[in-house]
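The residues making up each chain are set out below.
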Amino acid sequence: MIGTGCMDSYAVVTATFFDGEQYHSDGPYTAVVEQGTIAGIERGDVSVALGRRDIRVTKKAFIMPGLVEAHSHLFLDGGQLDFTIRNEYLNAPGEEMLAVARDNIAANLAAGVTLVVDAGDRYGINHLSRLESGRVTVRSAGMALRRPGRYGGFMAREVTSGDEISRAIREISTSADDLKVILTGIIDFKAGVVKGEPQFDREELRSIVLQARALGLRTFVHCSGVAGLEVAVAAGVDSIEHGFFMTRDILKSMADRGISWVPTFSPVHFQWQRPELAGWDAKTVANLRRILDSHLEHVAIAADLGVPLVAGSDAGSHGVRHGEALIAELDFFSRTGLPMDAVLRSATSLPRKRWGAEAAMLEVGQRADFISLEGSPFKDARYLHNVEAVFGSTH
Ligand SMILES: [Zn+2]
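Each chain carries its own residue numbering, running from 1 in the direction its sequence is written. It should be noted that, the model being predicted, local features are given only for residues of pLDDT at least 70 and side-chain atom pairs only at 80 or more, the latter also being counted only at that level, while totals for whole chains, interfaces and linings use all residues.

**Topic: the overall build of the chain**
Consideration 1: Put simply, DSSP marks the helices as runs of H or I at least four residues long and the strands as runs of E at least two long, and each gets a number from the N terminus on. For the chain, the helix and strand inventory stands at 14 helices and 18 strands.
Consideration 2: Throughout, the radius of gyration refers to the C-alpha atoms, and the reference size of a globule is 2.2 Å times the residue count to the power 0.38. Here the C-alpha atoms of the chain give a radius of gyration of 21 Å, agreeing with the 21 Å that 2.2 N^0.38 yields for 395 residues.
Consideration 3: Exposure in this text rests on C-beta crowding, where 20 or more other C-beta atoms within 10 Å of a residue's own make it buried, 12 or fewer make it exposed, and counts in between make it partly exposed. The C-beta atoms are placed from the backbone. Counting across all 395 residues of the chain, residues that qualify as buried make up 50%.

Quick look at the structure:
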């Protein structure tokens, strides 16, 4: 049953759609939006009847919920490839950083992303971006936690004693949506390993997770390498970010404990694709390829074992451009053999559920937050690269 027309109403007739969980391929269907809510989705093209009621109708080939980018750094321009400029930028005035974040939010929207999770910056641009984000919702972790002098200077505050950690979590909880913890360093591509011990041991991290949970925050941890992954799993974090050097045993434990994985292929893939920029030698390029191949293999294993796989690109990293990088992550998922409905869930309903974000299913009663593509990605995944339009309370 489709309601009466009014100024805030519009309809989309679509050949096929993905509702956030399932593909509907037996169209046409007509979706009607009234005052920002999906008032009806019915089989058939009822545009003639709607036209008589002055409801504007658009015809599309495929619609689906707006995408979720689960790991990004909005204040960083991933397209800036010059290392000197990237370093100097860390001393730029806040206004300049905010302008970069605005551009990055626009790039996300152009790629069909309507929810961005910011994974940390120490300048607070992620928090400010929540106010400036327009049609894109931004979740902000504010500042992450790290050990003094260890990896994560651009996105984390330093904590030492247990008291300091507790105070930091309490302070972060007053303004952040989620808690980010830097558990390990980054990959040493030349050596092909993650160097150094994890920044927190399992008791410390367990305590962080429990304190955060008591304050209503989920925890997501920057973590690569077996030593760190074992700590993250034992501590029962909500999500493991990056997770390079994954193993089947760790994936099994993640599945058992319902820990999600955001594998962020893009930053490592870019180093492999453009080795001359950082001056990587042939041996390092071979390491990068090996790391990526193992990552692809483990994402396939994760899917088999039932680990919740979530798409996030680490946009803002060297060579990782906001918006398009999230689509690249979906391509990596496809390449591992993940079926398209699972690929799309990883960037729609699943992360929204995992993070307790407002739902955005293409279902009656839900908030209108969807995008159209020129064709169905179930027929050709390349359609994901061209978002035609973003639909919200108006269109
Ligand atoms: Zn990151």
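**What about the nonpolar core?**
Grouped burial of nonpolar side chains is what soluble globular proteins tend to show.
Consideration 1: Counting residues in hydrophobic clusters, the biggest one holds 119 residues, and the most contacted among them are A31, V181 and A232.
Consideration 2: Looking at this core, the element that brings in the most residues is helix α12 (residues 324–335), giving seven residues.
Consideration 3: Among the domains, domain 1 (9–65 + 361–391) and domain 2 (67–354) are the pair contributing at least three residues each to this core.
Consideration 4: Note that contacts rest on C-beta atoms placed from the backbone: two residues are in contact if these are within 7 Å. Apart from residues no more than four positions distant in its own chain, V181 is found in contact with A144, L145, F200, L205, I208, T219 and V221. We define the nonpolar core as any set of buried residues of the types Ala, Val, Leu, Ile, Met, Phe, Trp, Tyr and Cys, connected via C-beta atoms lying within 7 Å of each other. Domains are outlined according to an automatic or database domain assignment.

**Points about the pairing of strand β5 (residues 56–65)**
Consideration 1: Of the pairings in the sheet, the one linking strand β1 (residues 9–18) to β5 comprises seven bridges and is parallel in character. The partner of T16 across the bridge, within β5, is F62.
Consideration 2: Here β5 runs beside strand β17 (residues 370–373); their pairing, made up of four bridges, is antiparallel. Its bridge partner being in β17, F62 is matched across the sheet by L373. At least two bridges found by DSSP between two strands are what make those strands a pair.

**Comments concerning the sheet that holds strand β8 (residues 137–140)**
Consideration 1: Taken in spatial order, the three strands make up an open sheet running β6-β7-β8, and their pairing is parallel. Both outer strands of the open sheet, β6 (67–72) and β8, are each paired with one neighbouring strand and no more. Each strand axis lies, on average, 15° off the axis of its neighbour in the sheet, ignoring direction.
Consideration 2: Pairing between strand β7 (residues 113–118) and β8: four bridges, direction parallel. What counts as an axis is a line fitted to C-alpha atoms, over the stretch in contact for a helix, and the angles between N-to-C directions run from 0 to 180 degrees.

**A look at the packing of helix α7 (residues 226–235) against helix α8 (residues 248–257)**
Consideration 1: Closest axis-to-axis distance for the α7/α8 pair is 10 Å, and the angle between their directions is 20°. Accordingly, the angle class assigned to the pair α7 and α8 is roughly parallel. Every pair of crossing elements has a handedness; the one defined by α7 and α8 is left-handed. Contact with α7, carried on its side by L229, E230 and V233, involves I250, S253, M254 and R257 of α8 and no other residues of that element.
Consideration 2: Note on residue categories: nonpolar means Ala, Val, Leu, Ile, Met, Phe, Trp, Tyr, Cys or Pro, charged means Asp, Glu, Lys or Arg, and polar means any other residue, Gly included. Considering only residue class, the contact of α7 with α8 consists of four nonpolar, one polar and two charged. Each angle receives one of four descriptions, namely roughly parallel if under 35 degrees, roughly antiparallel if over 145, roughly perpendicular if within 65 to 115, and oblique otherwise. Should the near helix be turned anticlockwise from the far one by less than a right angle, the crossing is termed left-handed; should it be turned clockwise, right-handed.

**Observations regarding the domain arrangement of the chain**
It is common to report an interface's size as the accessible area lost on association of the parts.
Consideration 1: For the chain, the domain assignment lists domain 1 (9–65 + 361–391) and domain 2 (67–354).
Consideration 2: Summarising the inter-unit geometry, the C-alpha centres of domain 1 and domain 2 are found 31 Å apart.
Consideration 3: At the junction of the two partners, domain 1 supplies 17 residues and domain 2 supplies 16 residues.

**Remarks on the confidence of the model for the chain**
Consideration 1: A residue-level look at the chain finds 98% of positions with pLDDT of 70 or above and a mean pLDDT of 96.
Consideration 2: Values of pLDDT, which run from 0 to 100, indicate the predictor's confidence residue by residue. In the model, residues 1–6 has pLDDT below 50 throughout and makes twelve contacts with residues more than four positions away in sequence or in other chains.

**Considerations on the environment of H395**
Consideration 1: Mapped onto the elements, H395 comes out in the segment after β18 (387–391).
Consideration 2: Its 15 C-beta neighbours within 10 Å are what place H395 among the partly exposed residues.
Consideration 3: A C-alpha to C-alpha distance of 49 Å links H395 and T284, two positions 111 residues apart in sequence.

**What to know about helix α11 (residues 282–305)**
Consideration 1: Look at α11: 35 Å from first C-alpha to last across 24 residues, which is about the 34 Å you get at 1.5 Å a residue.
Consideration 2: G306, located one to two residues past α11, shows a positive phi value of around 90°. To estimate the expected span of a helix, subtract one from its residue number and multiply by 1.5 Å.

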